[in-house]
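# Survey of secondary and tertiary structure
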Amino acid sequence: MNRDTREIVKLYDILGDEKHARALRGPMNACAMLCEDFCVAPPGFVVEDKYAFELFEVQSAYLEKGLVRLPMRETNLSDFAEKKRLEYSFARNRYSGLFDDARMTLLSSHGAALIQRKVQIGPAIVNGFLTGIDTRLQAWNGIRQNAPSDVIENMRAVPAKLADDGKALTWSIIEPNLVESASPFHQQMRDALQYTYFQEYCREFKAIVLTDIPHMPVEFYLPAERSVYSMRRFRRFLEPMSADRLLLEASADTIMRFRRDAGFIELMDAYCGFAKIFQKDTDLQYHLSRAIKKTGFEWSRIPERFSPAISDPSDFEIIEIASACGELAAALTMEHALPRRGSDEPRKPQNTTTASKGRQLTIAIFVALEEELNVLIKHFGLERSAGSPAASGKIGDVGTDVLCPRAMGRVAAAVEVTRYLSNHPAPDLLFCIGLAGGFEEAGIEQGAVICAETVVDLANRKVTDDENGAAISKFRRRDFDCTRAVYEVAKSKEFDHDAWALHSAAEFGWQKGRAPSLWEGKIASADEVVASDDHRKKMVDSVDKLFGIEMEAGGVCAAAAAFKVPVSVLRVVSDMADPSKADDKWRTTGMKTLAELLKRLPLDRVIAVAKQ
C-alpha cells in the first residue's frame, strides 16, 4: 500500500481524494483485525504521501497502542529523518512529506509504534538487482527469460551506483538511470523492486501480505495465504453479518476496543479456520449464513443502528456485538470442528453432573468488575483466562467458572451471561455477587450482605404529562424471583454464621465492634449509579421493603431465565446510595466477606435446596 504500489496500479489517476482514502482505510482495518501480534508499516511510507499520512493521523490509535509498528534501523526518528532527507534530496519535490517536520513529530509522539529492524534495505536491493536474475525466483522470471544482455547488465549496475552516490533506491530514482532499451521491462523491474523491498520485511518479521485488495490485483510474489488473508474473502465473510461497513470503515479506536473482547478474537480465529475449509466464496457465505440463523443477535439491524461516518459504537454496544461474535464463533467451531485458541481441537463440553451420582457439581459466578474478579481469583486460587469464562477452578469439590464483562450495567451482564450459557453446559446454580448501594430507609448498614429474594428491575420507565403538561416518569418494574437457598442454608445448623462473621471482621478490615450480617429481601436493579437522596426516595416509594440498588442483577436474571438456570443474588452494601457515596473501603472488605461466605457454605447443599 505504499506510494509506489499505488502508482503502479494507477490509483492516483482513477480515484478521487475520498475514494483514495477509503481504499487505504479498509485494508488497514482488515489487517488490524486479522493480525496476531502487529502490522508493519515502514515509517517512510507514512510521511511521504498525503493520503497515507492523513490515514495514520486519523487512525493514530493503532500507533498509540503499537498494533501498527514502524520498523527502522536508526535509534530515533531524528536520525531517521536526517538520513532520509539526504537520500531523497534529489527528489525533494516528489517526496516532500519526508521534509515535513510536523509529520515526523506525529510519528515521534507514538513511541509504542517504533520497533528496531535489523535488515539493511539498501544493500538488500543492491544485492537483489545484482544476483536476482541468476536465481529461480518468480519475481525475476520475465526479465531473465526475455531481456537482452545489455539491459540485464545495466539493471545489475544501476542500484549499486546510486547507493554509492548516497541516493535512495526508489523506482523514481532508478528509472532515469536505466538504458533506453530497458523500457519494455520497466514494469517487471518495478515489480521486482517491490518484491525485493517488501520481502526483507516479511522475512524479518515473519509477516504475510493481505491479498485481493480492490484496485490492487498484485502482491509481487510475496508470502501470502489467499484463502484466509484476502481482503475479498474477509469482506465476503463480514457481509452476511451486515458488519462489513461497521468494521472496515471503523475508527482505529473502535477496532482496538473490539480486539480487547474475547468474543471478537474468537470470531477472528473462527474465520481463519473456517476460510481454510471453505475456499469458495459461495460456500463460505452459505455455511456462515446457516450459523448466523442459530444465533439470537439481530445482525441485519447493524447497518441501521451504526454508521461509522457519524459516531463510534458505545462501550455497551461494543460488548453487545462482541458477545454476539463469540456466540457465532462458538456455532461455527462446534459445527465445523474448528480449532480453538490454545488447542488443536474444538473445545469439548465439560461434565456438569451431580455429586450424588458420582459426577461433579458446577456453579458459575458473575461479577461485573476486574477488581471483584481479582478478589475471587486470589481467595479461591482460580486460574485466570483471557477469554470467557474469565477464571475457572474449584470451590471445595464444586467446579467453578467466573464470568466478568469488566463493565457495569444490565446490558453488559445479560450479554456476558447469555454468551456463556450459549456456549457451555448450564451450571447447577448461577451466583450474581458484588456490591450494592443500601437504602437507609430499610435500616441497613454498610457491610450488610443482601440475599435477594426478589430482584426488582427498575430500568424501564413510562413518561407521561401531568395536568399542567409537565413530564413525569413512573418506574415500570419487572420482578425476578431468586432462589432462597443461600439464606436458608446459612440460617440452618449446616452453616456456622458466627464463625464466618468473626473471621471476616478480624481478617478483612472491618471496623472494631462491627461484623457482617445477612439480610433477605428485595433489591432494585437499574443502569444508573444512585447518589441522590431524591431519586433513592422515589425508588423506595415505588417498591415496598426495598433494601438497596445494584446495576447488573436484572440483566443476569433475565439471561438466566431464558436458559432456566436458578440464580442466587448476593450483594454487600458498600455505600448508602446518597450524595456522599463513600464506598472505597467497603469495596475490598465487602468482596472478601462475600468470597468467605461462599467458601464456608456447603455448596452441595445450597445447590440441592435451589433445585427443590
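To keep things clear, this report deals only with the structure shown in the data block. For every chain, the first residue of the written sequence is number 1, and numbering continues from 1 along that sequence. Note on the predicted model: pLDDT of at least 70 is required for a residue's local features to be given, and 80 or more for side-chain atom pairs to be given and counted; whole-chain, interface and lining totals, by contrast, use all residues. Based on all heavy atoms of the structure, the side-chain values leave hydrogens and waters out of the count.

## Considering the pattern of salt bridges
- By definition here, a salt bridge exists when the distance from a side-chain nitrogen of Lys or Arg to a carboxyl oxygen of Asp or Glu is within 4 Å. Following the criterion strictly, the structure yields 34 salt bridges and no others.
- Glu320 serves as the salt-bridge partner of Arg305, at 2.9 Å between the closest nitrogen and oxygen. Note that Arg305 is positioned in helix H19 (residues 302–305) and Glu320 in helix H20 (residues 315–336), a separation of 15 residues in sequence.
- When a residue's accessible area, from a 1.4 Å probe over protein chains only, is under 20% of the maximum for its type it is buried; when over 50% it is exposed; and in between it is partly exposed. By relative accessible area, which is 28% here, Arg305 ends up partly exposed.
- A salt bridge links Glu520 to Arg484, with the nearest nitrogen and oxygen atoms 2.6 Å apart. Here Glu520 is found in strand E13 (residues 518–525), whereas its partner Arg484 is found in the loop between strand E12 (478–481) and helix H23 (485–490), with 36 residues between them in sequence.
- Each of Asp212, Glu219, Arg226, Arg232, Arg233, Arg236, Glu239 and Asp281 takes part in a single network of salt bridges with overlapping partners. Strands here mean DSSP runs of E at least two residues long; helices mean DSSP runs of H or I at least four residues long; both are numbered from the N terminus.

## Let's talk about unusual backbone geometry
- Phi is positive for Ala337, which is not a glycine, with a value near 55°.
- In this model, Arg406 sits at a positive phi of 60°, which is unusual for a non-glycine residue.
- Within the fold, Arg406 resides in the loop between strand E7 (398–403) and helix H22 (410–423).

## Topic: the state of the cysteines
- Throughout, disulfides are identified as pairs of cysteine sulfur atoms within 2.5 Å of each other. In the structure shown here, the tally under the stated rule is 0 disulfides.
- Among the cysteines around Cys404, which has no disulfide bond, Cys432 carries the closest sulfur, lying 12 Å off.
- Using a relative accessible area of 4% as the deciding quantity, one classes Cys404 as buried.
- Free of any disulfide, Cys432 has its nearest neighbouring cysteine sulfur in Cys557, separated by 6.7 Å.

## Thoughts on helix H24 (residues 497–507)
- Residues Trp500, Ala501, Ser504 and Ala505 constitute the buried set of H24. Mapping the buried residues of H24 onto a view down its axis gives an arc of 120°, with all of them on the same face. The outward face of H24, more than 90 degrees from its buried face, is lined by the exposed residues Asp498, Leu502, Ala506 and Glu507.
- Among the residues trailing H24, Gly509 stands out with phi positive, at a value near 80°. Taken from the helix axis, the directions to the C-beta atoms give the arc we talk about.

## Digging into the side chain of Gln199
- By the element assignment, Gln199 lies in helix H13 (residues 186–205).
- We classify Gln199 as buried; its relative accessible area is 13%.
- Contacts are assigned to residue pairs that have any heavy atoms within 4.5 Å of one another. When near neighbours in sequence (up to four residues on either side) are disregarded, Gln199 contacts Leu222 and Pro223.

## Comments concerning the pairing of E13
- Burial of E13 is extensive: 6 of the 8 residues sit out of reach of the surface.
- The pairing of strand E9 (residues 449–457) with E13 spans 8 bridges and is parallel. Bridge assignment links Val449 to a residue of E13, and that residue is Leu518.
- What makes two strands pair is DSSP finding at least two bridges between them. The pairing of E13 with strand E14 (residues 546–550) spans 4 bridges and is parallel. Across the sheet, residue Lys522 finds its bridge partner in E14, namely Leu546.

## Digging into the side chain of Thr400
- By secondary structure assignment, the location of Thr400 is in strand E7.
- Take Thr400: its relative accessible area is 2%, and that puts it in the buried class.
- Separated by 3.4 Å, the side chain of Thr400 and the backbone nitrogen of Ile395 make a polar contact.
- Pairs of N or O atoms are called polar contacts if they sit within 3.5 Å, as long as, within protein, a hydrogen donor faces a hydrogen acceptor (for residues adjacent in sequence, only side-chain-to-side-chain pairs). There is a polar contact of 3.1 Å between the side chain of Thr400 and the backbone oxygen of Val398.

## Details of the packing of aromatic side chains
- Stacked, edge-to-face and tilted are the three classes for Phe, Tyr and Trp ring pairs, Trp counted by its six-membered ring, which pair at centre distances within 6.5 Å; planes under 30 degrees apart are stacked, over 60 edge-to-face, the rest tilted. All chains considered together, the criterion is met by 12 aromatic pairs.
- Between Tyr197 and Phe198 the ring centres are 5.5 Å apart and the planes differ by 80°, which places this aromatic pair in the edge-to-face class. Per residue, the accessibility class of Tyr197 equals that of Phe198, and both read buried.
- Aromatic side chains Trp519 and Phe547 sit 5.5 Å apart centroid to centroid with 85° between the ring planes, which places their arrangement in the edge-to-face category. Placement of Trp519 in strand E13 and of Phe547 in strand E14 is noted, with a sequence separation of 28 residues between them.
- On the accessibility criterion, Trp519 (24% relative accessible area) is partly exposed.
- Through a chain of ring-to-ring contacts, the aromatic side chains of Phe234, Phe237, Tyr271, Phe274 and Phe278 assemble into a single cluster.

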